[in-house]
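Structure assessment
The lines below spell out each chain.
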Amino acid sequence: MTLEEIKNQIKNISENYKEEHIGGWITGDGPIPCDILFVGEAPGKTEVETGKPFVGIAGKTFESYLNSIGVSRKDIRITNTCFFRPIKKKLSKNGRETISNRPPKTSEINLFRHLLDEEIKLANPKLIVTLGNVPLKRLTPFISIGTCHGELYFNEEIGRYIFPMYHPSSLTYNRNEEFKAMYSKDWEKLATALKTLATK
Ligand code: URA
C-alpha cells in the first residue's frame, strides 16, 4: 500500500463512520522511511484543524522533551492508533452543545488496524515508541503503561523494538514532581535505547 492509499482509506473510513460522533481525521506526519515512529492515541481539535498529529498542548510537551534528547521533530514520524477524532456531544443547561474528546473504542481502533500496520511497514522504523495505554495495548501484549514504561522490548510478533512511554498529556494531570522526574528519566532512557539501536 502507498502513503496515498493509506490516506484515502483513512478518509473513506472516517467519512463513512456513522456509529458515534467524530470530529474530523488526520494522517501520520514525518519522513518515510524513518528510524523512530511515535504512535499516539487519536487526534484532538488542534490536530484536526492543522492536519497534523501532536500539535496541541500535548504536542508542545512532546516536542520539548523530544528536543531535550537532541532529536528534532523533522527527523521522526508521528502517527496515531485511531485516525479520527473521537468526540462526545453534550447539551449544557442553557441548551448549548458542548463537544469534548473521548477515548477511542476498541471497535474504532480496529477500523484502522490494517492501516497502522501498513504505515509501520512503509516507515520501517528501527524503533516504535508507544505514547500511553491505547497504542501500548494495540502494539504489545502489555496491559498497563505503569508496569512497562521506559524499557526497550523486542516484540516477536511484529518483529520490532518497542519502547513504551506515558502519553505526554499525563503530565497535565500528574503534576507532582515525582511523576515529572520519572517522565524525564524515561526520555533519558529513550536516548540511551536509541544509541544502543544505532549500533545494531
Ligand atoms: N494526542 C494523541 O494521542 N494524538 C495526537 O495526535 C494528539 C494528541
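Structural notes, computed from the coordinates. Keep in mind that what you see is a predicted model, and the values were worked out from it rather than measured. (Residues numbered from 1 in each chain as written. Predicted model: local features only at pLDDT ≥ 70, side-chain atom pairs only at ≥ 80, totals over all residues. Heavy atoms only, no water.)

1. Looking at the site of the ligand
Surveying the vicinity of the ligand reveals the residues Gly-40, Glu-41, Ala-42, Pro-43, Glu-47, Pro-53, Phe-54, Asn-80 and His-167. Take Asn-80: an N or O atom from its side chain is 2.8 Å from a nitrogen atom of the ligand. With the chains in place, 92% of the 240 Å² that the ligand exposes on its own is no longer accessible. Grouping the amino acids of the shell around the ligand by side-chain chemistry returns four nonpolar, three polar and two charged. (Near = heavy atom within 4 Å. Polar contact = N/O pair within 3.5 Å; in protein donor to acceptor, adjacent residues only side chain to side chain. Areas by Shrake-Rupley, 256 points an atom, 1.4 Å probe, with all protein chains shown as cover. Nonpolar A, V, L, I, M, F, W, Y, C, P; charged D, E, K, R; others polar.)

2. Regarding the sheet that holds strand β5 (residues 97-101)
The three strands lie next to each other as β1-β4-β5, forming an open sheet whose pairing is antiparallel. Every interior strand has two partners, whereas the edge strands, β1 (22-25) and β5, have only one. Put simply, the sheet's adjacent strands are angled 30° from each other on average, direction ignored. Taken strand by strand, helix α1 (residues 3-15) contacts β1 and β4 (84-91), and its axis lies near 165° from that of β1. (Pairing = 2+ DSSP bridges. Helix = DSSP H or I, 4+ residues; strand = E, 2+ residues; numbered from the N terminus. Axes fitted to C-alpha atoms, helices over the stretch in contact; angles between N-to-C directions. Contact = heavy atoms within 4.5 Å.)

3. Some points on the sheet that holds strand β6 (residues 127-131)
An order of β3-β2-β6-β8-β7 is seen for the five strands of this open sheet, with the pairing classed as mixed. Single-partner strands in this sheet number two, and they are β3 (77-80) and β7 (153-155). This sheet shows a mean twist of 30° between the axes of neighbouring strands, independent of strand direction. Of the pairings in the sheet, the one linking strand β2 (residues 36-40) to β6 comprises four bridges and is parallel in character. Note on β6: the bridge partner recorded for Ile-36 is Leu-127. Docked against the sheet, helix α5 (residues 113-123) engages β2, β3, β6 and β8 (160-165), running at close to 170° with respect to β3.

4. Concerning the pattern of salt bridges
Taken as a whole, this structure holds ten salt bridges when the rule is applied. Residue Lys-105 is joined to Glu-20 by a salt bridge in which the shortest nitrogen-to-oxygen separation is 2.9 Å. Of the two residues, Lys-105 is situated in the loop between β5 and α4 (106-111) and Glu-20 in the loop between α1 and β1; the sequence distance between them amounts to 85 residues. Between Asp-75 and Lys-74 there is a salt bridge whose closest N-O contact spans 3.6 Å. The exposed category is assigned to Lys-74, whose relative accessible area is 64%. (Salt bridge = Lys/Arg side-chain N within 4 Å of Asp/Glu carboxyl O. Buried < 20%, exposed > 50% of the residue type's maximum accessible area, 1.4 Å probe, protein only.)

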